[in-house]
Amino acid sequence: MAYIIVEPCIGTKDTACVDVCPVDCIHPTKEEAHFDDVEQLYIDPETCIDCAACEPACPVEAIFAEDDVPEQWQAFIAKNVDWYQLSAEEFQAKWGSLGKID
Ligand code: SF4
């Protein structure tokens, strides 16, 4: 399981979650290229240790444990995974927003 960032992050990108994550698995950070271009932040499920520190840090309640993601935001579970696993082009084609550019 992992934590998931959902719809309220779009256009918000507060990054308080980035500051509290002990394993740096929330991207992009403000220091990374394309931070201004992505519509939201994403959690890398391969690295997340389910510590829950990010959940209360988010000012717009955009972070949930995977099992607690509300019904209307279930697609974001795959979206977070895809941002790390798909190419930028594949992500753009599937989700209509900027993918991860290394
Ligand atoms: Fe990082 Fe912990 Fe949140 Fe996972 S649950 S993204 S490890 S702060």
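These numbers come from a predicted model, not from an experiment.

**Student:** So what about the nonpolar core? Which residues, and what values?
**Tutor:** One finds I5, I26, L41, I43 and I63 to be the most contacted residues of the largest nonpolar core, which totals 18 residues. Listing elements by their share of this core, those giving two or more residues are β1 (3-5), α1 (16-20) and β4 (63-65). Setting aside chain neighbours within four positions, we find I63 in contact with Y3, I4, I5, C17, I43, C54, E55 and C58. Of all hydrophobic cores here, the second largest spans 7 residues; its members include I4, V6, V69 and I77.

**Student:** Talk me through the packing of helix α3 (residues 75-85) against helix α4 (residues 88-95); I want residue IDs and the actual numbers.
**Tutor:** For any two helices packed against each other, the geometry comes down to the angle between their axes and how far apart the axes lie. Two elements in contact, α3 and α4, have axes separated by 10 Å at closest approach and are oriented at 160 degrees. What the angle tells us is that α3 and α4 run roughly antiparallel. When you trace α3 past α4, the crossing you get is left-handed. Across the interface between the two elements, A75, A78, K79, D82 and W83 from α3 touch F91, K94 and W95 from α4. Its residues assigned to classes, the contact of α3 with α4 shows 5 nonpolar, no polar and 3 charged.

**Student:** Account for the side chain of D82, naming residues and giving values.
**Tutor:** With respect to the helices, strands and loops of the structure, D82 is situated in helix α3. Classification of D82 as buried rests on a relative accessible area of 10%. Within the structure, D82 has its side chain in polar contact with the side chain of K94 (distance 2.7 Å). Excluding residues within four positions of it along the chain, D82 makes contact with F91, K94 and W95.

**Student:** Explain the packing of aromatic side chains to me, using residue names and the numbers behind them.
**Tutor:** The full count for this structure, using the stated rule, is 5 aromatic pairs. Centre to centre, the rings of Y42 and F91 are 5.8 Å apart; their planes meet at 80 degrees, and the pair counts as edge-to-face. One end of the pair, Y42, is in strand β3 (residues 42-43); the other, F91, is in helix α4, and 49 residues separate them in sequence. According to the relative accessible area criterion, Y42 is buried, its value standing at 0%. Centre to centre, the rings of F64 and W73 are 6.1 Å apart; their planes meet at 45 degrees, and the pair counts as tilted. Taking the relative accessible area as the measure of exposure, F64 reaches 17% and is therefore buried. Through pairs of rings, three or more aromatic residues link up here, namely Y42, W83, Y84, F91 and W95. Sitting over the face of the ring of F35, K13 holds its NZ or CZ atom 4.8 Å from the ring centroid.

Calculation rules
Residues numbered from 1 in each chain as written. Predicted model: local features only at pLDDT ≥ 70, side-chain atom pairs only at ≥ 80, totals over all residues. Heavy atoms only, no water. Core = buried A, V, L, I, M, F, W, Y, C linked by side-chain atoms within 4.5 Å. Buried < 20%, exposed > 50% of the residue type's maximum accessible area, 1.4 Å probe, protein only. Helix = DSSP H or I, 4+ residues; strand = E, 2+ residues; numbered from the N terminus. Contact = heavy atoms within 4.5 Å. Axes fitted to C-alpha atoms, helices over the stretch in contact; angles between N-to-C directions. Parallel < 35°, antiparallel > 145°, perpendicular 65-115°, else oblique. Left-handed = near helix turned anticlockwise from the far one by under 90°. Nonpolar A, V, L, I, M, F, W, Y, C, P; charged D, E, K, R; others polar. Polar contact = N/O pair within 3.5 Å; in protein donor to acceptor, adjacent residues only side chain to side chain. Phe/Tyr/Trp six-rings, centres within 6.5 Å; stacked < 30°, edge-to-face > 60°. Lys NZ or Arg CZ within 6 Å of the ring centre and 35° of its normal.

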